[in-house]
Amino acid sequence: MLRCLASLLLVFGIVLLAQPAEASSDFSCGPGYTLVQREYNGCNNSAILGPGNDTRANLLLLMHDAHPQSASRYDKRGTALFEWRSIRSNFFPDPDYGESGYPYRENSRCGSNDDGKAAYESAVNSAQGVSAEEKATLIAIPNKYEPECAEFGMREVAYKITMDGINSPAAREFAAYLRGAFGFYDGDFVAAAKDFASLSNAKNSWVRETALYMAARTELNRAQETAFDEYGSFAGAKAIDQSIVGAAESGFGAYLKTYPQGSYAASARGLLRRVYWLSGNMAKLAASYRAQLGGTGKLTQADLAEEIDLKLLPLFGNGVEAGDPVMLAVMDLMRMRDFGGYGEKRITRAELESQRAIFAKQPELFDYLLAAQSFYVDGRPADVLKIIPDAARQSRMSYLQFSRQALRGLALEAVKDSNARGFWQQLLGGSALPYQRPAVELGLAMNMERGNALDAIFATGSAIEDTDVRQILLQNVAGPELLRKAAVDKSRPAHEREVALFTLLFKRLSQGQYAGFVEDLNLTPAGAATEGWFYDLRESEKLPVGMFKAGGKKGEFACPHVKDSAATLTKAPADIRSRLCVAEFLRLNGFDNSVFDTAPEADELGGTKSRFSGSAMSRLEVYKSVIVNTKAPAGDRAYAMYRAVWCYGPSGINSCGGKGVDIAQRKAWYNQLKREYPNSEWAKKLRYFW
Amino acid sequence: MSKVDAADYDSFWLWAGVRPQPVLKQARTIYLHYAEIRQIDPDRLEVLRPQMPRLQRPDIWLVLRIETLRFPGALMDRVITELVHWRDAGNKVAGLQIDFDARTRFLSKYAAFLAKIRRQLPKDFKLSITGLLDWSANGDPAGLDDLSAVIDEVVVQTYQGRKTIFGYAGYLKQLGRLRVPFKVGLVQGGEWSEPPELQSFPQFRGFVVFLVNPERAD
């Protein structure tokens, strides 16, 4: 299943992209920010049909092309990369369930009792030939009974109860129904089946219809009894009694024949799909999905995508044919994934060619698959340009059309075609559907970043509007002048300004641009947060940009305000106390092993050389330089030794950057501190070395 | 450097989607992945195990994976109901394990959340959590103590995906700082060389192996 794992040492993580993030989300899923996604990790879906996409996302995009849904109230623009759940809730938002949580789903038969009860009561109340006392009795019984689904023997009790005071034939029908229902929830399927079967000619129409439906459900549940192993996992079709499944299939078929628009028709169709799955009848299962894909069903496209993904797709290739171009395309894309040596055989051109007939009605989809295979598997981007003609200039594109052109763009980049940038710009115009435009902006931004046009990305009127794209660039590659501009750009969201300013002030300080640091403090807006976490600049709700101007946390080593240390260093760059105090600021305020210590890969957005081109201060190097300086004041030198040892505490791993030293050196510093400054508070405090 | 062979161990995680392996028959403890509460859908309990287990011998833990600490209390009620059902069906249910990747700096906040769970959980079920290697090295002592007060065990995970985390040995050295019983989680097929001092930590309680589906070789 999907498992995006928290990164351990790295704190560079990306969380939700489409919904506003809550403060301090602890879960991170970090896609590399690029349109070329060769592996599946659950967080890197894009509007481009491809191997990196979740199969459900690919399915949903293709289904949307066939039957466009109105993109919801949430986010028509979307983001360049997203999780399945984001696009799912974007197109099909769930209602707000409040404190009680999402209602029990029909994964077990016990979940369906609430709805059934309401319908039952309504039917009883409107029944002919049932006295008022009988109605009261019939309604009281289920209210006393909450099926735990684990208690046995309820049936006997219910039987006694129901027969008291139930005399009229009409009331007895309801009583028999109740017996069946209790048996069903009890797990006594054989008895329940008898009760329901006895109602096949019931006079009351609600009882007759419901019993016919419940009879089939009973068989289905009876079939499932042996379907799960001792761990609760599905044991497969071979573990099931196929004659019972067959009875369930006939039962649902009979129901749908008699009540094609009946109250339980949608449920019956859904359960028929489960029957096909249980019986291993993939041909029928695929056919029913095709019918749903054709738009005749009530399932949302998202639910359908999930169900197909869960139930049908894993079975292809084991003697099961997809037969349907959409499902086959999704499988083919999955087989283009780069598994990095896990042994999965990736799809070949020859195999794709053998599928041509299935795509007879969808030649553009087929061509896209050929092109994608050339790009992702065979590594022949030039073939993409031969297979897919340029059609970037459109007013509106389906996801397939968009994918075809976007793949062209990626191929142009791969062959270093000088027209790539112009191509992306043309593609912007027709990128109207959700998630399309941000994807193009990502492609264009990467091109410009590598093409000496970083400043143009941030110029007025720039086509690059996606704030994630801009923030990644600001954080990783923007130089001081660009950051200064971006820090005050009122036309951009506040958070983007915060990212710019935070990055600017940190890098100024860390890279020793002290005059610039002092001056840029003036860009701090009034009311800026002075505290807060910044594991992921893009995700923190309120970046503590005010931290620098306010001075940050204080430690035990006496330091002035960090701006004073910086001011001193502009005039006297070797000043020991000031250097130690800048190091203190970085240490106390969370800059060890911070997000700034990592950079995107070279083939990702923000992966080029930073235009903030100095080298970051290493606390360890500062301490080393003070330690070797025998003329340094005693208090400073002792503290430097103390801190140098602590760089490796408590894990034995250096958290101060710079060039590491071996444990013998740490021990030597420890001894030196004790020996040379025995009365200093630092020597007294230092009890270990690591 | 050798690879983890599940047959050498007797405690396992069985995750949703992982097919049961014969080695489970020798299990003394099984951590069964039951459901998830996801960040983007915090109102929904995503049940991933279609049926409850029916096992006589091993101790079973019901594992709930969560991606957020903010979800309706009713969802925890359902999990507890399921725990009781499992036990009523004859399983030896040891308790509930929460699988959550808590940031090392937020251990106190996580401990407060777990204290709430502990109060809700019936007394005869234990509370276990998975843990990150990083906690023992960089977790602040107060946060670790807060955690220790509410949980019965932590299983420290040495892997991500199918791979053992690089440099695990350095972190495991620090596990002596944990004041709560702990186990070490390994991944089937991952690289592993047992650090010599591990068995000497008084709180060490053994290993748990995360089973993975065999890779398809074609």
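Calculation rules
Residues numbered from 1 in each chain as written. Chains lettered and ligands numbered in written order. Predicted model: local features only at pLDDT ≥ 70, side-chain atom pairs only at ≥ 80, totals over all residues. Helix = DSSP H or I, 4+ residues; strand = E, 2+ residues; numbered from the N terminus. Rg over C-alpha atoms; globule rule 2.2 N^0.38 Å. Contact = placed C-beta atoms within 7 Å. Expected span 1.5 Å × (residues − 1). Buried ≥ 20, exposed ≤ 12 C-beta atoms within 10 Å, placed from the backbone. Arc of directions from axis to C-beta. Axes fitted to C-alpha atoms, helices over the stretch in contact; angles between N-to-C directions. Parallel < 35°, antiparallel > 145°, perpendicular 65-115°, else oblique. Left-handed = near helix turned anticlockwise from the far one by under 90°. Core = buried A, V, L, I, M, F, W, Y, C linked by C-beta atoms within 7 Å. pLDDT = per-residue confidence, 0-100. Pairing = 2+ DSSP bridges. Right-handed = clockwise from strand over helix to strand, strands pointing away.

It is not clear to me how the overall build of chain B should be interpreted in this structure. Could you clarify?
The helix and strand tally for chain B stands at five helices and 13 strands. Over its C-alpha trace chain B gives a radius of gyration of 17 Å, about what one expects of a compact globule, namely 17 Å for 218 residues. Seen through its C-alpha atoms, chain B measures out along the principal axes to roughly 45 × 45 × 30 Å. For chain B, contacts bridging at least 24 residues in sequence account for 73% of all contacts bridging at least 6.

So what exactly am I meant to see when it comes to the overall build of chain A here?
The number of helices and strands found in chain A is 31 helices and zero strands. For chain A, long-range pairs separated by at least 24 residues make up 62% of all intrachain contacts whose partners lie at least 6 apart in sequence.

Looking at this model, I keep getting lost on helix α1 (residues 73-88) of chain B. Mind explaining?
Because each turn of an α-helix spans 3.6 residues, side chains separated by three or four positions end up pointing in the same direction. Residue and element names in this part refer to chain B. Helix length check: α1, at 16 residues, gives a terminal C-alpha distance of 23 Å against a target of 22 Å (1.5 Å per residue), a fit within 8%. Within α1, the full set of buried residues consists of L75, M76, V79, E82, L83 and W86. Seen end-on, α1 carries its buried residues on one side only, within an arc spanning 115 degrees. For α1, the exposed residues set more than 90 degrees away from the buried face come down to G73 and T81. Residues of α1 that are buried make contact with β3 (29-38), β4 (41-47), β5 (59-66), β6 (92-99) and α2 (107-120). Looking one or two places after α1, you find G90, whose phi comes out positive at around 105 degrees.

Sorry if this is basic, but what is going on with the packing of helix α26 (residues 562-571) of chain A against helix α27 (residues 576-588) of chain A here?
To characterise two packed helices, one gives the angle between the axes of the helices and the distance between these axes. Residue and element names in this part refer to chain A. It is the contact of α26 with α27, at a shortest axis distance of 9 Å, that shows an interaxial angle of 140 degrees. With respect to α27, the element α26 is oriented oblique. Like other packed secondary-structure pairs, α26 and α27 cross with a definite hand, here left-handed. Residues V562, S565, A566, T568 and L569 of α26 form the contact with α27, whose own contacting residues are S578, R579, C581, V582 and F585.

I tried to follow unusual backbone geometry on my own but got confused; where do I start?
It is generally the case that most residues other than glycine have a negative phi and that most peptide bonds are trans. All names here are of chain A. Although it is not a glycine, K416 adopts a positive phi angle of roughly 60 degrees. The topology assignment puts K416 in the loop between α17 (399-414) and α18 (420-429). C-beta crowding within 10 Å serves as the criterion here: with 8 such atoms nearby, K416 is assigned to the exposed category. Of note in this structure, Y435 is not a glycine but carries a positive phi near 75 degrees. Among the secondary structure elements, Y435 is positioned in the loop between α18 and α19 (436-450). Judged by the 29 C-beta atoms lying within 10 Å of it, Y435 falls in the buried class.

What am I meant to see in the nonpolar core here?
Where a protein is soluble and globular, its nonpolar side chains tend to be buried together. Formed by 186 residues in total, the largest nonpolar core has its most connected members in L407 and A445 of chain A. Among the elements that line this core, the one with the most residues is helix α6 (residues 169-186) of chain A, at eleven residues. Among the nonpolar cores identified, the runner-up in size contains 66 residues, and L32, Y34, A94 and I129 of chain B belong to it.

What am I meant to see in the environment of P214 of chain B here?
Residue position: P214 of chain B is located in the segment after β13 (204-210). Residues P214 of chain B and Q21 of chain B lie 193 residues apart in sequence; the distance between their C-alpha atoms is 9.8 Å.

Looking at this structure, how should I read the confidence of the model for chain B?
Low pLDDT means the predicted atomic positions in that stretch should not be read closely. Averaged over all residues, the pLDDT of chain B is 86; the fraction at 70 or higher stands at 96%. On the interface metric, ipTM, the complex scores 0.84, and its pTM is 0.72.

How do you make sense of α6 of chain A when you look at a structure like this?
All names here are of chain A. When the terminal C-alpha atoms of α6 are compared, their 25 Å separation across 18 residues agrees well with the 26 Å that a helix rising 1.5 Å per residue should span. Counting buried residues along α6, 16 of its 18 residues qualify, which places the element largely inside the surrounding structure. Directly after α6, the chain includes G187, whose backbone phi takes a positive value near 90 degrees.

How should I be thinking about the pairing of β5 of chain B in this particular structure?
On a regular strand, one side chain projects to one face of the sheet and the next to the other, so that they alternate. Residue and element names in this part refer to chain B. Counting buried positions along β5 gives seven out of eight residues, so the element sits mostly inside the fold. Direction of pairing for β3 relative to β5: parallel, over a ladder of eight bridges. Within β5, the residue paired with A35 across the bridge is L64. Here seven bridges tie β5 to β6, and the two strands are oriented parallel to one another. Following the sheet pairing, L64 is matched in β6 by I98.

In this structure, what is going on with the pairing of β6 of chain B? I would like to understand it.
Residues and elements named next belong to chain B. Most of β6 is tucked away, with six of its eight residues classed as buried. Crossover connection from β5 via α1 to parallel β6: handedness right-handed. As defined by bridge partners, β6 adjoins strand β7 (residues 126-132) across four bridges and the pair is classed as parallel. If you follow I98 over to β7, its bridge partner there is I129.

Even after reading the chapter, I still don't get the confidence of the model for chain A, so can you show me in this structure?
All names here are of chain A. Residues of chain A with pLDDT of at least 70 account for 84%, and the chain-wide mean is 84. Note on residues 1-28: pLDDT is under 50 here. Beyond four places in sequence and across chains, it has 81 contacts. Here residues 96-107 is a poorly scored stretch, pLDDT under 50, and it has 20 contacts once near neighbours within four places are set aside; other chains count.

Would you take a moment to explain the environment of Y213 of chain A for this structure?
Residues and elements named next belong to chain A. Looking at the element boundaries, Y213 is found in helix α8 (residues 205-224). On the basis of neighbour count, Y213 is assigned to the buried category, with 25 C-beta atoms found within 10 Å. Measuring from C-alpha to C-alpha, the distance between Y213 and L673 comes to 84 Å, with 460 residues separating the pair along the chain. The contact partners of Y213, leaving out residues within four places of it in the chain, are Y255, Y264 and A268.

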